[in-house]
Amino acid sequence: IFNHIPKTAGSTFNHAVLGTNKGGGHLVGPGGLASAPHLDFDSTRFLGGHITYPDAARSGLDSGNVHVSILRNPLERIVSNFEMAYRDNRVLREEVCSIDKWGFGFRVFYERFIVDAGLVNIQCKYFSTNAKFYDSVVSIDKNFHLVGSVGKFDDFVAAALPYLDQENIVRPKLFPIKNKSSHGEDYASLIDRNLIERIENQNTEDFNLWNWVNTRHDGLYLKSGGAS
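All figures in this text were calculated on a predicted structure; none of them were measured in a lab.

Cut-offs used in this document
Residues numbered from 1 in each chain as written. Predicted model: local features only at pLDDT ≥ 70, side-chain atom pairs only at ≥ 80, totals over all residues. Heavy atoms only, no water. Buried < 20%, exposed > 50% of the residue type's maximum accessible area, 1.4 Å probe, protein only. Helix = DSSP H or I, 4+ residues; strand = E, 2+ residues; numbered from the N terminus. Arc of directions from axis to C-beta. Polar contact = N/O pair within 3.5 Å; in protein donor to acceptor, adjacent residues only side chain to side chain. Contact = heavy atoms within 4.5 Å. Pairing = 2+ DSSP bridges. Axes fitted to C-alpha atoms, helices over the stretch in contact; angles between N-to-C directions. Salt bridge = Lys/Arg side-chain N within 4 Å of Asp/Glu carboxyl O. Left-handed = near helix turned anticlockwise from the far one by under 90°. Nonpolar A, V, L, I, M, F, W, Y, C, P; charged D, E, K, R; others polar.

Quick notes on helix α7 (residues 133-143)
Stage number 1. Turning to α7, its buried residues are Phe133, Ser136, Val137, Ser139, Ile140 and Asn143. Buried residues along α7 cover an arc of 165 degrees about the axis, so they all sit on one side. Every exposed residue of α7 that faces more than 90 degrees away from the buried side is listed here: Tyr134, Val138 and Lys142.

Below, the structure written as structure tokens:
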């Protein structure tokens, strides 16, 4: 089960695996498992999509399955989400962002699509109902076989391939990039510093989790004794 946190290169991984495996694989939409109430889990070998671990547990998918996921720098993930909304939402693009994309436009996006939508600390929410850093670490150590980082996507893929073999899932030969953001690495200089500080303060749990994966596990958490 690939627990795909939005805007963390998950589409690249999902589409590569599903494109190579025409049967036995399923991709659920933004609504998570609630959007696929009739899915036959017994016949599914690969399940990808925006599935939080708490939702998977409620559906009886907590044990006996290989759970993997990818994290991303929280600010960069929010910026990537903004770029996608700017690309797809005409009102956001033409009215809110027409004069000041990275000023007023980005601020409105953060308020409306992150804060008001209850998506603060969304990465921790994918591992723990409480969306706390320490609870997420416990959940990862207890339930996840592999958690990577966008910056080490190739390492994540290499670590995931043995698990695909273990489940008799055909290895993709390529992982073409999907939904890549258009922003450059200087995006932080475009955003008001006070807003960046607010994002950092409101998403402390996510930043702590990101730092935990990158400092303690060098960007790639692997369960000991896993597939080889």
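Structural notes on the side chain of serine 69
Stage number 1. By the secondary structure assignment, serine 69 is in strand β4 (residues 68-71).
Stage number 2. You can call serine 69 buried: its relative accessible area is 0%.
Stage number 3. Of note is the side chain of serine 69, whose polar atom sits 2.7 Å from the backbone oxygen of asparagine 3.
Stage number 4. In this view, serine 69 contacts Phe2, Asn3, Ile5, Phe127, Phe144, Leu146, Val147, Gly148 and Phe156; residues no more than four positions away in its chain are not counted.

Details of the sheet that holds β4
Stage number 1. As summarised here, the arrangement of the six strands in space is β2-β3-β1-β4-β5-β6, forming an open sheet in which the pairing is mixed. Both outer strands of the open sheet, β2 (25-28) and β6 (220-222), are each paired with one neighbouring strand and no more.
Stage number 2. Inspection of the sheet shows strand β1 (residues 2-3) paired to strand β3 (residues 46-49) by two bridges, in the parallel sense. Paired with phenylalanine 2 across the two strands is glycine 48, which belongs to β3.
Stage number 3. Running at roughly 160 degrees to strand β5 (residues 146-149), helix α8 (residues 153-166) makes contact with β1, β4, β5 and β6 of the sheet.

Considerations on the pattern of salt bridges
Stage number 1. For the structure on display, the rule yields twelve salt bridges.
Stage number 2. The salt bridge partner of aspartate 88 is arginine 87, with a shortest N-O separation of 2.8 Å.
Stage number 3. With its nearest N and O atoms 3.8 Å apart, the salt bridge here joins arginine 93 to glutamate 94.
Stage number 4. Its relative accessible area of 28% is what places arginine 93 among the partly exposed residues.
Stage number 5. Here the salt bridges share partners, and the residues they tie into one network are Arg90, Arg93 and Glu94.

Some details on the environment of threonine 52
Stage number 1. By secondary structure assignment, the location of threonine 52 is in the loop between β3 and α2 (53-58).
Stage number 2. Residue classification places threonine 52 among the buried residues on the basis of a relative accessible area of 15%.
Stage number 3. Setting aside its immediate chain neighbours within four residues, threonine 52 contacts Asn3, Lys125 and Tyr126.
Stage number 4. Reaching out from threonine 52, the side chain makes a polar contact with the backbone nitrogen of aspartate 55 at a distance of 3.1 Å.

Points about the side chain of arginine 72
Stage number 1. Relative to the assigned elements, arginine 72 resides in the loop between β4 and α3 (74-88).
Stage number 2. The exposure class of arginine 72 is buried, given its relative accessible area of 11%.
Stage number 3. At a separation of 3.0 Å, a polar atom in the side chain of arginine 72 contacts the side chain of glutamate 76.

Points about the pairing of β3
Stage number 1. Taking every second residue as pointing to the same face, both faces of β3 are buried, with Phe46 and Gly48 on one and Leu47 and Gly49 on the other.
Stage number 2. Of the strand pairs in this sheet, β2 and β3 are connected by four bridges, and their pairing is parallel. Bridge pairing links glycine 25 to phenylalanine 46 in β3.

Focus: the packing of helix α1 (residues 10-20) against α8
Stage number 1. Close contact between α1 and α8 brings their axes to 12 Å; oriented N to C, the two are set at 35 degrees. Between α1 and α8 the crossing geometry is right-handed. Across the interface between the two elements, Thr12, Phe13 and Val17 from α1 touch Phe153, Phe156, Val157, Ala160 and Leu164 from α8.
Stage number 2. For the contact of α1 with α8, a count of residues per class yields seven nonpolar, one polar and no charged.

Re unusual backbone geometry
Stage number 1. Positive phi, normally seen in glycine, also occurs at alanine 9, with a value near 70 degrees.
Stage number 2. The topology assignment puts alanine 9 in the loop between β1 and α1.
Stage number 3. Located in the positive-phi region is alanine 131, a residue other than glycine, with phi close to 55 degrees.
Stage number 4. As for its placement among the helices and strands, alanine 131 is situated in the loop between α6 (122-125) and α7.

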